[in-house]
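Fold and geometry: a report
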Amino acid sequence: MTGSLLATLARAWRNPSGRAGILMLAALALAALLAPALLPDPAAMNLELGPVAPSADHVFGTDRLGRDLLSRVAHGARVSLSVAGLAVTLSLSLGVSIGVVAGLAGGWVDTLLMRFVDALLAIPRLFILLLLLAVWDQVPLSALILIIGLTGWFVTARLVRGEVLRLRAEGFVEAATALGAGPLRTIFRHLVPNTLGVILVAATLGVGEVILLEAGVSFLGVGVRPPTPSWGGMVFDARSFNTSAPWMVFFPGAAIVITVLAMNLVSDALRAAFDPRSA
């Protein structure tokens, strides 16, 4: 299975769009990793300086409080990528678990779980987030990750459940069951490995979606709070400077667009690699 997965990832790398997405994400991750060592404190203010256009001293310019925008964008990548990675890991764990249980158990268990998922899917995710986040005046970052993760597993559960229902009818699963394989062995040896394509594609799409959600709730003032740098929060702070200091909006906005675009490119490459017929 490891060899097959590596071969699939190699096919994704050979896809031009997949390679472009991976390189874009690698550059963002490298900038986030090196930001504390190479860039100034993102919270260091210089009120006398104020908003300054991009220059040799400040490549991305400064914001209304004189803070270096390049440093804030790079440190914001640490926040956005961390929130997205942890939240998607949580949502995938829940979605895969519930999807496998529903597909393997069938009957009333499947019906009950899927009707519950349908009910949750009927409510816009952003509405659920805003409703939950409104409870706190100051939302801890850990709580934000938990809330986003707990509201993001619904689609994954349905996708995995569909794959499990398909795999149950395959000969190798029926043979394993006939030979005495228990439910846990069937799940971890046969079902989960063969749904890996769906899981990885859902993960890459989920990261892009979470970055947009985090930016959106931060822009609305109920996400990551100052002085912690956040791309959505920086766009929110710059809303009154759209014409007088457009760089304050452009650079964090561009970071959001590039990251989501990169995740979509990687997702498309993975989908084609797992199913060459979709290329």
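Placed above this text is the structure.
To start, this report covers the structure provided alongside it. (Residues numbered from 1 in each chain as written. Predicted model: local features only at pLDDT ≥ 70, side-chain atom pairs only at ≥ 80, totals over all residues. Heavy atoms only, no water.)

Details of the pattern of salt bridges
- Scanning all chains against the criterion turns up 8 salt bridges.
- A salt bridge links Arg67 to Asp63, with the shortest nitrogen-to-oxygen separation between them at 2.8 Å. Asp63 matches Arg67 in its accessibility class, with the two residues each being buried.
- One salt bridge in this structure joins Asp118 and Arg115, with 2.8 Å as the shortest N-O distance. Residue Asp118 and its partner Arg115 are located together in helix α4 (residues 107–121), separated by 3 residues, close to a single helical turn. (Salt bridge = Lys/Arg side-chain N within 4 Å of Asp/Glu carboxyl O. Buried < 20%, exposed > 50% of the residue type's maximum accessible area, 1.4 Å probe, protein only. Helix = DSSP H or I, 4+ residues; strand = E, 2+ residues; numbered from the N terminus.)

A closer look at helix α7 (residues 154–168)
- Between its first and last C-alpha atoms α7 spans 21 Å; for 15 residues at 1.5 Å apiece the expected length is 21 Å, and the two agree.
- If you check which residues of α7 are buried, you get Phe154, Thr156, Ala157, Val160, Glu163, Val164 and Leu167. (Expected span 1.5 Å × (residues − 1).)

So, helix α6 (residues 141–150)
- Residues Ala143, Leu144, Ile145, Ile147, Ile148 and Gly149 constitute the buried set of α6.
- On the buried face of α6, the contacting elements are α3 (69–105), α5 (125–133) and α10 (196–219). (Contact = heavy atoms within 4.5 Å.)

Some remarks on the nonpolar core
- Leu144, Ile148, Val210 and Trp231 are the most contacted members of the largest nonpolar core, which has 53 residues in total.
- The set of elements that each furnish at least two residues to this core consists of α2 (16–38), α3, α5, α6, α7, α10, α11 (231–237) and α12 (247–274).
- At 12 residues, α12 tops the list of elements feeding residues into this core.
- Setting aside residues up to four positions removed in sequence, Val210 forms contacts with Val83, Ala84, Ala87, Val88, Arg125 and Ile148. (Core = buried A, V, L, I, M, F, W, Y, C linked by side-chain atoms within 4.5 Å.)

What about the packing of α3 against α12?
- Packing of α3 against α12 brings their axes to within 11 Å, and their N-to-C directions diverge by 35°. Note on packing geometry: the crossing formed by α3 with α12 is right-handed. Of α12, the residues touching α3 (which contributes Leu69, Val73 and Leu81) are Trp247, Met248, Phe251, Pro252, Ala255 and Thr259.
- Broken down by class, the residue content of the contact of α3 with α12 amounts to 8 nonpolar, 1 polar and no charged. (Axes fitted to C-alpha atoms, helices over the stretch in contact; angles between N-to-C directions. Left-handed = near helix turned anticlockwise from the far one by under 90°. Nonpolar A, V, L, I, M, F, W, Y, C, P; charged D, E, K, R; others polar.)

Considerations on the side chain of Asp63
- Mapped onto the fold, Asp63 is located in the loop between α2 and α3.
- Apart from residues no more than four positions distant in its own chain, Asp63 is found in contact with Gly50, Pro51, Leu69, Arg72 and Met248.

Considerations on a nonpolar patch on the surface
- On the surface, a nonpolar cluster with roughly 420 Å² of combined accessible area is contributed by Leu30, Leu33, Leu34 and Leu38.
- Assignment of secondary structure puts Leu34 in helix α2. (Patch = residues over 30% accessible without salt bridge, like charges linked within 9 Å, V, L, I, M, F, W, Y side chains within 5 Å. Areas by Shrake-Rupley, 256 points an atom, 1.4 Å probe, with all protein chains shown as cover.)

Description of the packing of α5 against α6
- Close contact between α5 and α6 brings their axes to 10 Å; oriented N to C, the two are set at 145°. Relative to α6, the crossing made by α5 is right-handed. Each of Arg125, Leu129, Leu132 and Leu133 in α5 lies in contact with α6, whose residues at this interface are Leu144, Ile147 and Ile148.
- Residues that form the contact of α5 with α6 fall into these classes: 6 nonpolar, no polar and 1 charged.

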